[in-house]
Every structure is written in C-alpha cells, then in structure tokens.
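Residues per chain are reported as follows:
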Amino acid sequence: MFIITCPFCGERDQSEFSAGGEAHIVRPKQPTELSDDEWADFLFMRKNIKGVQFERWNHAHGCRKWFNVIRDTSNDKIHAVYKMGEKPPSD
Amino acid sequence: MSENFRSSETKFLDKTNRISFKYNGKKYYGYKGDTLASALLSNGVHLIGRSFKYHRPRGIMTCGSEEPNAIVQIGGSGSFTEPNVRATEQEIYEGLEASSQNCWPSVEFDVGGINNFISPVIPAGFYYKTFMWPKKLWYSLYEPAIRMSAGLGKSPTQPDPELYDHNHLHCDVLVVGGGISGILAASISADNGNNTVLIDDKNSLGGSTIFQDDENFKIDDEIPSVWLNNQIKNIKNKKNLIIKHRTSLAAYHSYNYLLARENLADHKSLDERSNKLRQRLWKIRAKKVILATGAIERPLIFNNNDRPGVMLANSVKKYIDYFGVRCGNKNVIFTNNDSAYETAISLNKKGINVTIVDIRNNSSSILVKNAKNAGIKIYWNHTVVDTKGYRRIKSIQIMKMSDDGTNVIGSKINLVCDNLSISGGWTPMVHLFTQSGGKLKFRDSDQVFLPNTAMSDQISIGSCNGDFELDDVIKNTNSECKNFLSASVTDYDSLTISCPKQKESKNIWLLPNDKPLGKTKPFLDFQNDSTAKDIKLAMREGFKSIEHVKRYTTTGMGTDQGKLANMHALGIISETAGVKMGSLGTTTFRPPYTPLTFGTIVGRNVGTFFDIIRKTPIHEWHENHKAKFENVGQWKRAWYYPKNNESMHQAVQRESKAARESAGILDASTLGKIDIKGTDASEFLNRVYTNAWSKLAIGKCRYGLMLNEDGMVYDDGVTTRLEENHYVMTTTTGGAANVLSKLEDYLQTEWPELDVWLTSVTDHYATASICGPNSKNILKKLFPKLEFNDENFPHMSFKNAELNGINCRIMRISFTGEHSYEINIESKYGKSLWENCIEAGKEFNITPYGTETMHLLRAEKGFIIVGQDTDGTMTPIDLQMEWIISKKKYDFIGKRSLYRSDTMREDRKHLVGLLTDNPREILEEGAQIVQDEKKQPIEMLGHVTSSYFSPNLNKSIALAVVKNGKKLKGQKLLVPMKDKTINVTVSDFVFFDSKNERLNA
C-alpha cells in the first residue's frame, strides 16, 4: 500500500487509485492505415518491467483524473507524477 | 492435592485475584496476570498436546508468540470456540475453558501415538510418495483419511458472535516492541516532539529486562528491573506518546503502512466482554518506524529434545522471576552461551536444584564465576545425547564432546531431572523488517541474520538488530535513535551500565551423538515434527533450495511459521552442503507475524455490511408487494412478484402475458445514466458508439452499441438528445461505473481537445417503464396535456412533461417490443411516480413485472443482454448486428479490430436462436451444444446463453452462441444433458413480432 501524490489533490492512499497500465501508448490517429501486426502491437503489447516503469493511474475514488506515474516496480518507489499530456520530468 | 509450583511472590501477579479455569475438563486456579501456560505450570501441568505427525506428547516450551507446542482449543464447543491458541499468550480469566488438540481419546492416552513407533516408515515426503497409486483410491480412501487426521484444533461451526473493528492511525513515529530498547526509543521520540505510538503484544511493558533482578547487572547503580520500571512510569506521562498494550504487529508493508491487531477482550470473562469489541485492526501509516521486536532464544538440536519439560532457558527464567513459577524441582540447563546462566542463578537463588551442561570449554565471565561460586555443578564441553520420560522428562544422558565438536567420547553420564532448560543463543526477529522489503546480512560470529538495507524510513534497534547484551542495547539504541530522529541530547547519553557476560557462544547446529542420525529424533520443527534427519533426507533426494526443503519437509510451516525451526534448518543445510550459511538466504517472511482471526481481518464488513446494497427509490413499494429480489451488481432489483403462492415460473408466465396483452410496469431506475454536455458531445458519441450520431435530431433517441478497442461488445443502451449540446446516455445496470470510467479515460487521455463533460446521474433519476398495448392510454391519463399520436410522439423520441407539477422526461423506447414509455423523474419523487402509474393503470390491469419477465420478453424479441448473451469475445458481427456498424465513419472505438484476421473469420461463434423439438422442453442456460455425440473427443460448438418458456408463443425459446451459427439455420443440433440428450433446431433469434408491428400498436 503505497502513497501516490495526485497532481490535483495531493498525497493520498493507494486505495483511492486504480492502475491503468503502461503510459505513453498513444492511440493511432489513423487505425485503418495500420497492418494487423501494427494494430495488435498497440492493442495488446505492453512492457512489464522490473524496475522503473511509466504508468497511468486514475484517482478513481477522488477527482477521477488520469495522470502519469513513474514507479519502480521492484520496490514501489515513485519517482515522479505528472499530468496527462505533459512530458515526463527529465532527471 | 497436587503440588503447588508457585514458589515465590511476584509483583506482576495480583495475588488477591484468584481465578479458576478449566483445562481438559479439570478445574485449576491461577492469578490475575497469569497466562494459561504459567497457570498450568504452577499446577505442575506440562503435557499440553500431541505433535502433528507422530502424536508425541509435547509440553510448554516458551513464554511467547514463538510457542510451537502449547497450542490449545479455547472456549468449549460453542460459537466462541477458537483453535490453535497459544497457551503462552492467552491470559486466564474466570471461567476460561481450554483443551488439548490433536489427540484422541485424551492427551494422556492418544491412539495416534502409534505413529511415533512407525515413524521410520513415514519420513518426509511420505504422503507425496505413498498416495500416488492406485489413482482411483485417492478420492475414495486416501484423501478422506488424510483430511480426517489433518489439522490441529477444531474450527467453530457457528457464526462468530463477537464484534471486530478497523481503525486508522497516523503518527510521526511508530515504535514496535515494548522491551527496554522500545521504551527508550519511544521516550527519545516523544521528547523530541514527535507524535509517537508504542505498541507491545504483552499486557505490560518491559520485555525481559523488567524481571532482570540480578545485582550483577546495573544501570546507573540500579538493578535493571528497578531502573526500567521508573522509565516506564516516566513515559506514561508523556503527552505525545500513545501506548498500546496487547497489540501485535501483523504486517509491515511498503511506505510504512502497517497492520496491528489490538486485543481488547480475550483476557476478559465472557460476561465482561458481551457486546464489546473483541479485537481491533489498526491500519497504521507512520512517517518513521522503529523496530524493537527483540530476539527469540534458539533451542538446541539433539536426540529426543521434544519431551514435555524441555523448555527454553530464558522462558524458564521468566516463569520463575515474572510469574513466580518453577518449571521443575530438579533442573538441568543445557547451553552454548552465557545467557542461560542467568536462569541458573535465578533458580539457584530461589533454592531450586540446578545443574549446567555447557558445550563450550569454558567461559570467564563474572556471571559464570557467580554460578560456580553458588555451587552450581557445570559440565563443560558436554552435550546431551538422549532424554528419557514419556509424558514428562525424567532424566538425560550426557557425553563429553571431541575437541572439534563433531563427535562424542567417553562414557555416558545419567542426570535425573524434571526440567531441561535449553539455550542455543539468540535469533533476532527480523520478520517485520524483511516484510517491509528490507534486505538482510549475515553475521558469522554468532550466526545471525541482521537488518541491512531498509526500503522505507525505519531503523531496527536492540536485540532484533543483533545487540543482545544490556550495555550494547542501551548505548546503541540511544545513538541510533538520536541519529534517526535528529535528536541532540537524550536522557540516556551518560548512563553507566554493567553487564557481566561474555558475548562469545559456540554454535553447533546439530549436536553430535553416539548413535547414527537414523536412530535418533533431533527435532527442529516441534509443531510439524520435522527432524534433522528429514532435512538431510530432502538434501539426499536432491532438494537444494531452502524454499524447497521447507516445503518438502514442512519445516517452518506450522502456525508458528518456524520461529524456532528455520535457523536450524538453514544451519543444518549449510553444514551438510558445506556452503556458507549467509549465502543460502532465508525463506520468505510473510504476514501475518502471528495468526489473525478472520473476524479481525473482516472487521465490520459482515452481514449486511459485507458490501454496499443499492436500492431504488421504489424499493419499499416492491417489498410491500411481496417482490422477490435479485442482486444485479450492488443493486437489489425486483425479480418477480408472486401472487397467492405462485412459483417463480407461474409468476413470470403471468407477468409476461399481461405485459403483452394489456400493460406491464418495470422499475428501470437501476439502468446507468450518464449526462453528457459540451459542444463536442455529438462527435464524442460518434467515436464511442459503432453507429452514427451527428444527425440525431433534438428530442430523438437512438440505440447504441459500444465496443472495446479489441472489437468486442462492451455495453449497450439508448441515448437521447435533450438539447443541441446535451445528451443523456443509458448503460446496462452492471456496466454503469465501468462505462463512465472508460469514457473519462478516452476523454482525458486520447481526446483532451473535445469539449465534453460527463456526469453520472444514475442515482438522480427514478425510472418507471410502462409497456403493452394500453401503455399509451395510461400515459394519456397521467399526462393529459401531452399528445401521444405517432406523429407528435413517435417511437424513439422524447418529451419533457410535468406530473403534478414535477418535471419528467418521457422516452418512447422499448426493450420488450411493445409500445412502451420510460418516465424519468427526480429520485425523491420516484415512489410517487410509480404509485401514480399503478393507480392510472388499474383499469387496464397494469401488472408490475420484474427482471425475469423483462429478460423473457426481450428474449422473445431477440434483444441481447450484454454480459449474458455476450462474454467479451463477441463482436457485433458475431451477434448478427452488422446493421449497427456505420460504414461511413472513419473511426470509432474498436473499429480497426473488426478487420483483424481473427475477427473476420467466418467460423466464429454467432448468436442464433434455438428451438427444442419438444416445445415443452426448456434448455438449461450454459448447456453445451454439439453436433455429433459419437465423435471422440466431442466437439463443443457453443452454449445456450438465454432460455425461457414463452407464454406468448406457447413454446420454449433459447438464444445461443454456436460456431458458424449463421450458416446453420434450420440444422438439427444436440444439447447433451446429464440424463438425456435434447434435440434442437437452429432458428432465427427473433421469435416474436419480427416485423416490429407492436411498437406502434
């Protein structure tokens, strides 16, 4: 049970959030132009990193906002949170 | 009368408060403050239970949570009964009833004891190896027999009548453990302005120092027990320190999130605890954590080291010094270190006969000198090779050890005794530290695992950090806490401490014997009966990893989770394999540290509080009209309304006929409703639904199908355009929350440029759905000002209206195929709306119908229910709903996936209708569908998804998904059941009014 700092509400318990998988996977603007393999890559293929991972989280039992989290999956340490559409902080 | 073993006065017991309790049906007495173990020992009772596998007699070994043997059933046979309670932790109360476990007919004479004599043929892995064949005997013979002999205590068979609670706690500093180091840490923390919580699992603070009365130990010229007692008095007055007794830490998760169980009533009599909380689970979030969880004394591993009367030395000291109970009249202490000499001196001072056997050659400490000077006989460089006595130890045999410690030499010496106190050194309790993700290091000098790197803001202090002597504990606790809490000065900076002990011990994991290992029983895990022999057998059979050896031999898998056994298992593996112990690693320490009751885990979330129950505003009316309810998600929905002892089938048949012949009314308030506003609302709907929305006129309704990005049907419902930029979407009852979060997800992450705002309004409106040929006549009565002809108010359109001055939204939409209206009104007027409808419909015999009739009516029309006729693997094409997929739209959620090679396969499962050859035969939902029963293996073509007897068609109808179903229309298929095979024919899935004439009837 870790603590996540929602970029809109501040520090909250993990139980208020739901996880949304890997971040920065952009839905293709022109899906019909893609081959089956390319579409399947977008649809199904996700990294499952032991270590630092970029993730989407939703403050489901709070402001309902989606945002990005950089988390180390091996120890749950959260390195950064940032809003949707923002670039990950570079450090 | 039996002998009284209470030999001295002690300040820890209330001698004015004598308590009677029953053990195995016999009445005994103890005092307030006694544990069940200390009270039994004071009555001379050592034999507590029988061991798990060999049914060997076992007695009390320890005085704490590490107890492997003395686990009992508490509270008779009623609903208060509880198995596997540690007698060493259970405080006695007036009327306590306890009994032995795992023995029949009694602990004194146990039939299962036969296992002890056949033990050579039941080694580790016996069950795995033996019960493999013949296979068919597993179910009929092996499993029932193993199950009968498995387990220890008896589970209660009635619901737990007691109250439990959960509570949250936030603090700056949490100190775990109320021994001397925990008390010092809590004091330093509170003095430095931190809101501090100190938790301890005992009923009073002080750990083992509080009964340290030996004047060779001094803190500032006071004996430790006196000095510590003053410290305890002192911290009790600190305002920012909360002390929680009888509270044991169960789990330590990441980010300093900890769970602790506070015991509020287990020490009270049943009368005192009625209607009061029994246990409370604390969910603690601490900024900093200080672990002062102490250490557990190690046993020594030698032949027959498990007899009642064999106890840990420090526990024997606690029983005499704290409880005033002597564990025997003739004691032998068997040790590899100095600490057991404290026990010897304590016993000697109370005039109790004691002899020491030490595997070391010598020790030059003051403590040992004092023991010698007191006239205590010490056998240096000797080891115990055997013990005698069945229900209680009677004598031991010792032999001299060879210089390298691997052999015994010379002749045996027999020592008569009724208690053997053993001490193999100390094991720091690093359980909580590792639960939190901490990594351990190994200290070779005394063979202990110690905290190394922590994952969160925490430190370990005292003996759980490897400081076992008083001077080290105080000095290091003080300096580490100062550093951790950034404190400049403390009360403990300049204490003078004298500690007369030598720190060296001599560690031999498996002591040598004159007999070969195969002829001895050196127990490691006393509860699960695994011996050094079993560990070596596992290694001979090829098990190398400690995790595998543990599971194969079950070492460390009892209710005590190997608190005493695990280090020895590791030690013997490392000795046998010739590898360094530090490189072996440990087994994983998992929560809870000590077992929790289910009651504590669930707290108040029982019965009606188990989950949220959602009721519609009309619920009370349904209840008053004898509705049966079904659970749909968290909702209670009216299922059917039986009249005059009708069966469900009869009620549903009547309701279904009435709805089609005159008028029916359904409470549809549970349907999900999402209010959609914004200038891009139409574009948004275009993207989330498969069909086109741009051209939907204001005041019109449209059915929409929503897919997942993988092309599978996700949800469906009717959306109404209320205004230019204002829609209200309905979703399935169960899907409402998921649909909203999915739509929010797309809006926020993929299409932030769209001006769209979503609000859940499911609970804001109540909905009455009136259907049937007379629905229009009823609406006319309710809303006399509205025109209900097909031109003004056609099917799939909406009107604002007023009922008794209250605004309503009326949608003319139909899920039954009948001419039908849905009236939405603010929730608080829901019941009134419903009653108005019933009143207006009286003359048309308006019939309330429930979800079952709704399902039947829509099945007659072949309308799907997402989640019943679909299961996340059905595309709209599979459902034969190609008509709802817009060919013009460039994109919508899931569109691309409809053109993947797999979704375009022609032989996917399709939704079809099924008609039974015998029209009275009703198929079972979920039944498998096949074509050829003789072909092996039988090919499963699909399954029945919905099945009813239609009163309007007077025959059985069913929906099913069948492989290649579109091409099978008219074909005969089979539905094999347990006792017969049902012949069916594939049909169209619209069974009733296929031209939709009734919508405008």
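Residues numbered from 1 in each chain as written. Chains lettered and ligands numbered in written order. Predicted model: local features only at pLDDT ≥ 70, side-chain atom pairs only at ≥ 80, totals over all residues. Heavy atoms only, no water.

## Overview of the packing of aromatic side chains
Residue and element names in this part refer to chain B. To keep things clear, this is the line we draw: Here a pair means two rings of Phe, Tyr or Trp (six-membered ring of Trp) with centres within 6.5 Å. Their orientation is stacked below 30 degrees between planes, edge-to-face above 60, and tilted elsewhere. Strands are runs of DSSP state E lasting at least 2 residues, helices are runs of H or I lasting at least 4, and numbering of each runs from the N terminus. Burial classes follow relative accessibility: with a 1.4 Å probe on protein chains only, a residue under 20% of its type's maximum area counts as buried, one over 50% as exposed, and anything between as partly exposed. For a lysine, the NZ atom is tested; for an arginine, the CZ atom; a charge sits over a ring if that atom is within 6 Å of the ring centre and within 35 degrees of the ring normal.
Tallied over the entire structure, the rule returns 25 aromatic pairs over all chains. Between Trp621 and Trp834 the ring centres are 5.5 Å apart and the planes differ by 65°, which places this aromatic pair in the edge-to-face class. Separated by 213 residues along the polypeptide, Trp621 in helix α17 (residues 619-624) and Trp834 in helix α22 (residues 830-841) bring together distant segments of the chain. By relative accessible area, which is 7% here, Trp621 ends up buried. Following the ring pairs from residue to residue traces out a cluster consisting of Phe12, Phe211, Tyr319, Tyr322 and Phe323. Here Lys288 stacks its cationic end above the ring of Phe484, 4.3 Å away from the centre of that ring. Positioned over the ring face of Tyr54 is Lys521, at 6.0 Å from the centre of the ring.

## Focus on empty space enclosed by the protein
All names here are of chain B. How we decide: Both cavities and pockets are sets of points on a 1 Å grid over the protein atoms alone; in a cavity a 1.4 Å probe fits but cannot get out, in a pocket the set is open with protein on both sides within 12 Å along at least five of seven lines, and lining residues sit with an atom within 4 Å of a point. Grid points are joined across faces, edges and corners, and a volume is the space filled by probe spheres set on the points. Side-chain classes follow a simple rule in which Ala, Val, Leu, Ile, Met, Phe, Trp, Tyr, Cys and Pro form the nonpolar group, Asp, Glu, Lys and Arg form the charged group, and the remainder, Gly included, forms the polar group.
Taken as a whole and judged by the stated rule, the model has 5 cavities of 30 Å³ or more. Taken together, 23 residues form the lining of the largest cavity, with Thr427, Asn566, Met567, Leu570 and Phe589 sitting closest to its centre. Mapped by element, the contributors of at least two residues to the lining of the largest cavity are β24 (426-428), β26 (448-453), α14 (546-553) and α15 (566-577). When residues in the lining of the largest cavity are grouped by element, the largest group, 4 residues, is from α15. Across the lining of the largest cavity, the residue classes tally to 13 nonpolar, 7 polar and 3 charged.

## Quick word on the sheet that holds strand β20 (residues 382-388) of chain B
Residue and element names in this part refer to chain B. Rule in force here: For two strands to pair, DSSP has to find at least two bridges joining them. Helix axes use the C-alpha atoms of the stretch in contact, all axes being lines fitted to C-alpha atoms, and the angles between their N-to-C directions lie in the range 0 to 180 degrees.
The 3 strands are arranged β20-β21-β22 in an open sheet whose pairing can be described as antiparallel. Each edge of the open sheet carries a strand with a single partner, namely β20 and β22 (408-416). The average angle at which neighbouring strand axes cross in this sheet is 25°, direction not considered. Where strand β21 (residues 395-401) meets β22, 6 bridges bridge the pair, whose relative direction is antiparallel. Of the residues in β22, the one forming a bridge with Met401 is Val408.

## Digging into the environment of Ser79 of chain B
Residue and element names in this part refer to chain B. With respect to the helices and strands, Ser79 occurs in the loop between β5 (71-74) and β6 (82-86). Residue class for Ser79 comes out buried when judged on its relative accessible area of 18%. As for Ser79 and Pro159, which are separated by 80 residues in sequence, their C-alpha atoms are 6.4 Å apart.

## What to know about the sheet that holds strand β40 (residues 797-803) of chain B
Residue and element names in this part refer to chain B. Overall, mixed pairing links the 6 strands, which are arranged β40-β41-β42-β39-β33-β43 in an open sheet. Of all strands in the sheet, those with a lone pairing partner are β40 and β43 (847-848), marking the two edges. Sheet topology note: the strand β41 (residues 806-812)/strand β42 (residues 820-826) ladder contains 4 bridges and is antiparallel. For Arg809, the partnering residue across the bridge sits in β42 and is Asn824.

## Notes on the interface of chain B and chain A
How we decide: In what follows, a contact means two residues having at least one pair of non-hydrogen atoms within 4.5 Å. Two parts placed together each lose some accessible area under a 1.4 Å probe, and adding up what both lose gives the buried area. Put simply, a salt bridge is a Lys or Arg side-chain nitrogen that is within 4 Å of an Asp or Glu carboxyl oxygen. Counted as a polar contact is a pair of N or O atoms within 3.5 Å, where, for protein atoms, one must be capable of donating a hydrogen and the other of accepting one, and residues adjacent in sequence contribute only when both atoms are in side chains.
The interface is formed by 26 residues belonging to chain B together with 28 residues belonging to chain A. Between chain B and chain A, the buried area comes to about 2400 Å², and carbon and sulfur atoms account for 49% of it. There are 5 salt bridges connecting chain B and chain A. A salt bridge links Asp13 of chain A to Arg285 of chain B, with the shortest nitrogen-to-oxygen separation between them at 2.6 Å. Joining chain B to chain A, the criterion identifies 18 residue pairs in polar contact (both at pLDDT 80 or more). Ranked by the residues each element gives to the side of chain B that touches chain A, the list is headed by helix α20 (residues 736-750) of chain B, at 8 residues. Of the residues assigned to the side of chain B that touches chain A, the class counts are 9 nonpolar, 8 polar and 9 charged.

Everything listed here is a matter of geometry and, on its own, says nothing about what the molecule does.
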